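The primary structure of each chain is shown beneath.
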Amino acid sequence: MAEKEDVIATLFFTYDKNMPERLTEYSIWFSKKDGSAAIFHREKNSLGTLDKENTQTLNELITNN
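Calculation criteria
- Residues numbered from 1 in each chain as written.
- Predicted model: local features only at pLDDT ≥ 70, side-chain atom pairs only at ≥ 80, totals over all residues.
- Heavy atoms only, no water.
- Pairing = 2+ DSSP bridges.
- Helix = DSSP H or I, 4+ residues; strand = E, 2+ residues; numbered from the N terminus.
- Salt bridge = Lys/Arg side-chain N within 4 Å of Asp/Glu carboxyl O.
- Buried < 20%, exposed > 50% of the residue type's maximum accessible area, 1.4 Å probe, protein only.
- Axes fitted to C-alpha atoms, helices over the stretch in contact; angles between N-to-C directions.

1. Quick notes on the pairing of strand 2 (residues 22-30)
Next up, step 1: Where strand 1 (residues 7-13) meets strand 2, seven bridges bridge the pair, whose relative direction is antiparallel. Bridged to Phe 13 within strand 2 is Arg 22.
Next up, step 2: Hairpin remark: strand 2 followed by strand 3 (residues 37-41), antiparallel, with six residues in the connecting loop; positive phi at Gly 35, about 80°.

This is how it looks when you write it as structure tokens:
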């Protein structure tokens, strides 16, 4: 992405109760143009997108609104 991300989110996942959680970092860009979001996982070099409705939900979760 050409621009700096809007949010860097570090999430933790527990896959097995006998193992420690795994921290995963995501970079998120919110598009003002069409209301979508792009989510990038740097370790796996993978990119995903959200539609307007799901972007709004994610934004509310991140900002606690």
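2. Overview of the pattern of salt bridges
Between side chains of opposite charge, a pair can form when the charged atoms approach closely.
Next up, step 1: A full pass over the atoms with the stated rule returns two salt bridges.
Next up, step 2: Its salt-bridge partner being Glu 5, residue Lys 4 comes within 3.3 Å of it at the nearest N-O pair.
Next up, step 3: By relative accessible area, Lys 4 is classed as exposed at 68%.
Next up, step 4: Across the pair Glu 5 and Arg 42 runs a salt bridge whose closest N-O atoms are separated by 3.9 Å. Of this pair, Glu 5 sits in the segment before strand 1 while Arg 42 sits in the loop between strand 3 and strand 4 (46-50), and the two are 37 residues apart along the sequence.

3. Focus: the sheet that holds strand 1
Next up, step 1: Taken in spatial order, the four strands make up an open sheet running 1-2-3-4, and their pairing is antiparallel. The outermost strands of the open sheet, each flanked by one partner alone, are strand 1 and strand 4. Across the sheet, the mean angle separating the axes of adjacent strands is 30° when strand polarity is ignored.
Next up, step 2: With five bridges connecting them, strand 2 and strand 3 associate as antiparallel partners. Within strand 3, the residue paired with Phe 30 across the bridge is Ala 37.

4. A word on the pairing of strand 4
Next up, step 1: The sheet contact formed by strand 3 and strand 4 spans five bridges and is antiparallel. Looking at the pairing, Ala 38 lines up with Thr 49 of strand 4.
Next up, step 2: Between the end of strand 3 and the start of strand 4, which pair antiparallel, lie four residues, with Asn 45 showing a positive phi angle near 50°.

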